[in-house]
Amino acid sequence: MRSLFMRGFLPLSLVLSVASFWFALTRGGNLELAVVLPAVAVMLVGVAAERRWPYRAEWSRSRDDVATDLASAAVLFAAVDPLLKWLGPLAVTAALAGSGTAKALDLFPTSWPFALQVLLAALIAEFGGYWSHRLHHERPALWWLHALHHGSERMYTLNNFRFHPLNYALNYMMGIVPLLVLGTLEAVILGYFSVTLPVLMVQHANLPLHAGWLNYVFSTSEIHRWHHSSCAGEGNSNFGHSLVIWDQVFGTFRNLPANNHPRKIGLYAGSKYPSRASFIEQVWSMFLPGCCRSAA
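Described below are features of the structure shown in this document. (Residues numbered from 1 in each chain as written. Predicted model: local features only at pLDDT ≥ 70, side-chain atom pairs only at ≥ 80, totals over all residues. Heavy atoms only, no water.)

Some remarks on the side chain of serine 13
As for its position among the elements, serine 13 is in helix H1 (residues 2–27). Accessibility expressed as a relative area gives 6% for serine 13, which makes it buried. There is a polar contact of 2.7 Å between the side chain of serine 13 and the backbone oxygen of phenylalanine 9. If we ignore the near neighbours within four places in the chain, the residues touching serine 13 are Val42 and Pro198. (Helix = DSSP H or I, 4+ residues; strand = E, 2+ residues; numbered from the N terminus. Buried < 20%, exposed > 50% of the residue type's maximum accessible area, 1.4 Å probe, protein only. Polar contact = N/O pair within 3.5 Å; in protein donor to acceptor, adjacent residues only side chain to side chain. Contact = heavy atoms within 4.5 Å.)

Pasting the structure below:
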């Protein structure tokens, strides 16, 4: 049962999510709900499964990080994400109107078959997401934003929602806003989400999932663990948001046999960051001068 679950959970989640979206698309249903509900279901099953079959038993024990993860999730879902979805299209419209264009550029090939549109949207969004993530590792000012995400010394499902609001916003601007500017249909963007959200929901799960060939397409939990290594030589890899296509193009892809794992998870050695502080204190630390930022 355990082996069957670990090998079949992610592929089945992907199939059910895409099927839910396609059913809603062809029957005139609510596309957003058709994407969100399967993703929530995948997350809940992942939370339950990691309690029964943890990848590493020590990651099942709280390290005073649950409050930070829950606070971050609440801020992202209650405020940041809805605000970005509202402001994003408005900002694009305002920017284009200022340049003499009243609407999106209509450059996206909406006449293509729907599946190809989704594939193109995925490549565009993931390209922006890849470089946003990579720059957050390579630029000190951006790293201070992103360090909040790497501050946990274990990986479990809720880690997925630990983000500085500005880090989350920059990812959105570089990944989704270009699609809005090009005139990508909302249904196409939601189609992209239907393929990638199931992966993201268990990307940080404390589960010994075996994704096989999917590891060469998606940023699965198996390969995303390397990105969270406290060793910079291991951690500066697998920057893809939900796909690893651009990691393979730019030479940052890392995949090792399933019985290998990073020795330690967390911030890079020598990093100065108040990772033991509360979520609000960590968020606020970005706005303090370097001399006044506390570290733990």
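Side note on the layout of surface pockets
Here the largest pocket is characterised by a volume of approximately 1300 Å³. Forming the boundary of the largest pocket are 43 residues, of which Asp81, Lys85, Tyr168, Phe193 and Leu197 lie nearest the centre. Mapped onto the lining of the largest pocket, the elements with two or more residues apiece are helix H2 (31–52), helix H3 (66–98), helix H4 (114–138), helix H5 (140–150), helix H6 (165–175) and helix H8 (186–201). No other element matches H8, which puts nine residues into the lining of the largest pocket. Tallied by class, the residues present in the lining of the largest pocket amount to 23 nonpolar, 16 polar and four charged. In this structure, the second largest pocket occupies an estimated 300 Å³ of space. Within the residue set of the lining of the second largest pocket, elements represented by two or more residues are H1, H4 and H8. Among the elements that take part in the lining of the second largest pocket, H4 stands out by supplying six residues, more than any other. (1 Å grid on protein atoms, 1.4 Å probe; cavity = no way out; pocket = protein on both sides within 12 Å on 5 of 7 lines; lining within 4 Å. Points joined across faces, edges and corners; volume = space filled by probe spheres on them. Nonpolar A, V, L, I, M, F, W, Y, C, P; charged D, E, K, R; others polar.)

Describing the side chain of serine 230
Tracing the sequence through the fold places serine 230 in the loop between helix H9 (221–227) and helix H10 (232–235). Sequence-distant contacts of serine 230, defined by excluding residues within four places in its chain, comprise Lys264, Ile265, Gly266, Leu267, Tyr268 and Ala269.

Some thoughts on the packing of aromatic side chains
Within the structure shown, the criterion is met by 19 aromatic pairs. Both rings, one in phenylalanine 5 and one in phenylalanine 9, keep their centres 4.8 Å apart while their planes meet at 15 degrees; by these two values the pair is stacked. Residue phenylalanine 5 and its partner phenylalanine 9 are both found in helix H1; the two are separated by four residues, about one turn of the helix. Accessibility expressed as a relative area gives 15% for phenylalanine 5, which makes it buried. Ring geometry for tyrosine 130 against phenylalanine 250: centres 5.4 Å apart, planes inclined by 20 degrees, an arrangement best described as stacked. With a gap of 120 residues between them, tyrosine 130 in helix H4 and phenylalanine 250 in helix H11 (residues 245–250) connect regions that are remote in the sequence. The class for phenylalanine 250 is partly exposed, based on a relative accessible area of 32%. Its end group placed over the ring of tyrosine 156, arginine 154 keeps NZ or CZ at 3.8 Å from the ring centre. The residue whose ring lies beneath arginine 254 is tryptophan 226, and the NZ or CZ to ring-centre distance is 4.8 Å. (Phe/Tyr/Trp six-rings, centres within 6.5 Å; stacked < 30°, edge-to-face > 60°. Lys NZ or Arg CZ within 6 Å of the ring centre and 35° of its normal.)

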